[in-house]
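Letter by letter, the chains look like this.
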Amino acid sequence: MAQLIDGKAVAREIREQVRNEAAEFHARHGRAPGLATVLVGSDPASATYVRSKRRACAEVGIASFPFELPEETTMRELLGLVDELNRREDVHGILVQLPLPSHLSAQTVIAALDPRKDVDGLHPVNQGKLLQGVPGLRPCTPLGVMELLARTGVPLAGAPAVVVGRSTLVGKPTALLLLECHATVTLCHSRTRDLASVVRSAEVLVVAAGRPGLVRGDWVRTGAVVIDVGINRLPSGELIGDVDFHTASARAAWITPVPGGVGPMTVAMLLRNTVQAARWIVEGQA
Ligand code: NDP
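Just so you know, these numbers come straight off a predicted model, no measurement behind them.

Draft legend 1. Broad picture of unusual backbone geometry. Residue L98 is joined to P99 through a cis peptide bond whose omega torsion reads 0 degrees. You can see P99 is positioned in the loop between strand 4 (93–96) and helix 4 (106–112). Residues V258 and P259 are joined by a peptide bond in cis, for which omega reads -5 degrees. One non-glycine residue, H182, lies in positive phi territory at about 70 degrees. Counting through the fold element by element, H182 comes out in the loop between helix 7 (171–180) and strand 6 (184–188).

Draft legend 2. The arrangement of the packing of helix 1 (residues 7–29) against helix 6 (residues 140–152) in detail. It is the contact of helix 1 with helix 6, at a shortest axis distance of 11 Å, that shows an interaxial angle of 105 degrees. Comparing their axes, helix 6 and helix 1 come out roughly perpendicular. Residues G7, V10, E13 and I14 of helix 1 touch helix 6, and the partners they reach there are E147, L148 and R151. Grouping the amino acids of the contact of helix 1 with helix 6 by side-chain chemistry returns three nonpolar, one polar and three charged.

Draft legend 3. Inspection of the sheet that holds strand 3 (residues 63–69) at higher detail. In spatial order, the strands read 3-2-4; together these three strands make up an open sheet with parallel pairing. Looking at the sheet topology across the chains shown, the edges are occupied by strand 3 and strand 4. Shown here is a sheet whose adjacent strand axes are inclined to one another by a mean of 15 degrees, direction ignored. On top of the sheet, helix 3 (residues 75–87) reaches strand 2 (34–40), strand 3 and strand 4; it is set at about 175 degrees to strand 2, its chief contact.

Draft legend 4. Region of interest: a negative patch on the surface. A cluster of acidic side chains, namely D43, E71, E72 and E77, defines a negative patch on the protein surface. Topologically, E72 is positioned in the loop between strand 3 and helix 3. Given the relative accessible area of 61%, E72 is considered exposed.

Draft legend 5. Looking closely at the nonpolar core. With 49 residues, the main nonpolar core has I62, L149, L178, I227 and V229 as its most contacted residues. If you tally residues by element for this core, the top one is helix 10 (residues 262–283), at nine residues. Once residues lying within four places of it in the same chain are set aside, the contact partners of L178 are M146, L149, L156, A161, V163, A183, V185, V204 and V206. Counting 20 residues, the second-largest nonpolar core is a separate cluster that includes V198, V207, W219 and A248.

Draft legend 6. Main features of the pattern of salt bridges. For the structure on display, the rule yields 14 salt bridges. Note that R87 and D83 form a salt bridge whose closest N and O atoms lie 3.2 Å from each other. Linking R87 with D83, this pair stays in helix 3, spanning four residues, or about one helical turn. Of the residues examined, R87 reaches a relative accessible area of 62% and is grouped as exposed. With relative accessibility at 36%, the residue D83 sits in the partly exposed group. The residue D114 makes a salt bridge to R116 at a minimum N-O spacing of 3.0 Å. The exposure class assigned to R116 is partly exposed, which follows from its relative accessible area of 43%. Overlapping salt bridges, with partners in common, bring together E13, E147, R151 and R272 in one network.

Criteria and thresholds
Residues numbered from 1 in each chain as written. Predicted model: local features only at pLDDT ≥ 70, side-chain atom pairs only at ≥ 80, totals over all residues. Heavy atoms only, no water. Helix = DSSP H or I, 4+ residues; strand = E, 2+ residues; numbered from the N terminus. Axes fitted to C-alpha atoms, helices over the stretch in contact; angles between N-to-C directions. Parallel < 35°, antiparallel > 145°, perpendicular 65-115°, else oblique. Contact = heavy atoms within 4.5 Å. Nonpolar A, V, L, I, M, F, W, Y, C, P; charged D, E, K, R; others polar. Pairing = 2+ DSSP bridges. Patch = residues over 30% accessible without salt bridge, like charges linked within 9 Å, V, L, I, M, F, W, Y side chains within 5 Å. Areas by Shrake-Rupley, 256 points an atom, 1.4 Å probe, with all protein chains shown as cover. Salt bridge = Lys/Arg side-chain N within 4 Å of Asp/Glu carboxyl O. Lys, Arg positive; Asp, Glu negative; His and termini not counted. Charge placed at Lys NZ, Arg CZ, Asp CG, Glu CD. Buried < 20%, exposed > 50% of the residue type's maximum accessible area, 1.4 Å probe, protein only. Core = buried A, V, L, I, M, F, W, Y, C linked by side-chain atoms within 4.5 Å.

Right under this line is the structure:
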């Protein structure tokens, strides 16, 4: 039976570390690290996510600058706000909550961010740095995945690792981070032939497909580490992952639950990125 990787507990530990680092930053520079969060429109899920990020900032001593713009905000207005936030000295991180309303281009807005303040790690400069393996801000969910993997103590160097899902937000950057740790990485997607047999080769399996129960227990290699990024809400209201938890946990050595696995890590890594960005901006480097 697999051991559970408790994302809630790891996230709590990281928040505690961030709280200390934010206090040190404050003591050295006379101001807290600051995160601006921009929410456009009234999508209820986005509003919930952004509020939980603001609350988390307050808990660890990061100054939070909330901006809520109406649905009909124009590209020009949004870029105007980004420009203002790029210039502000008390703002070290800028998070534009996605998805944006359909008349706004997320790609254009992200490209307009000062890459040093791009705490979501989505700016082309930061993605380029990730590809080159040089220091930069990395996307939060993939960082959370890597932190959970590190907590298992399972060596990644040389290990066959399979990532299911190739999104810019999760799958691709996770594959690159695994590669940085010298895993032998296979990146799968909806056109992958015989996904089951590729998944069976994985000692380290990360699934981010957004397909409830896609990976069945009998696809999981005995003794594998399984990180389930998927969050799917069933009509009953229940949240489930992309991996069939019960059958997979009978074979895996380690597995994340959903909820309580990767989910809490994403916000924790956003907080860590914000303090990192503040340090790099004020103290130099990266
Ligand atoms: P996307 O929809 O952007 O990407 C899904 C990826 O999965 C695509 O690359 C797609 O392939 C691939 N895929 C879809 N169906 C299959 C299939 N049947 N077989 C193999 N590959 C498949 O999703 P995200 O990456 O943004 O998110 C993935 C999941 O992670 C979602 O459930 C989301 O809610 C969750 N998530 C959780 C977070 C957290 O904090 N825990 C944060 C972000 C996301 P193709 O490219 O060919 O279409």
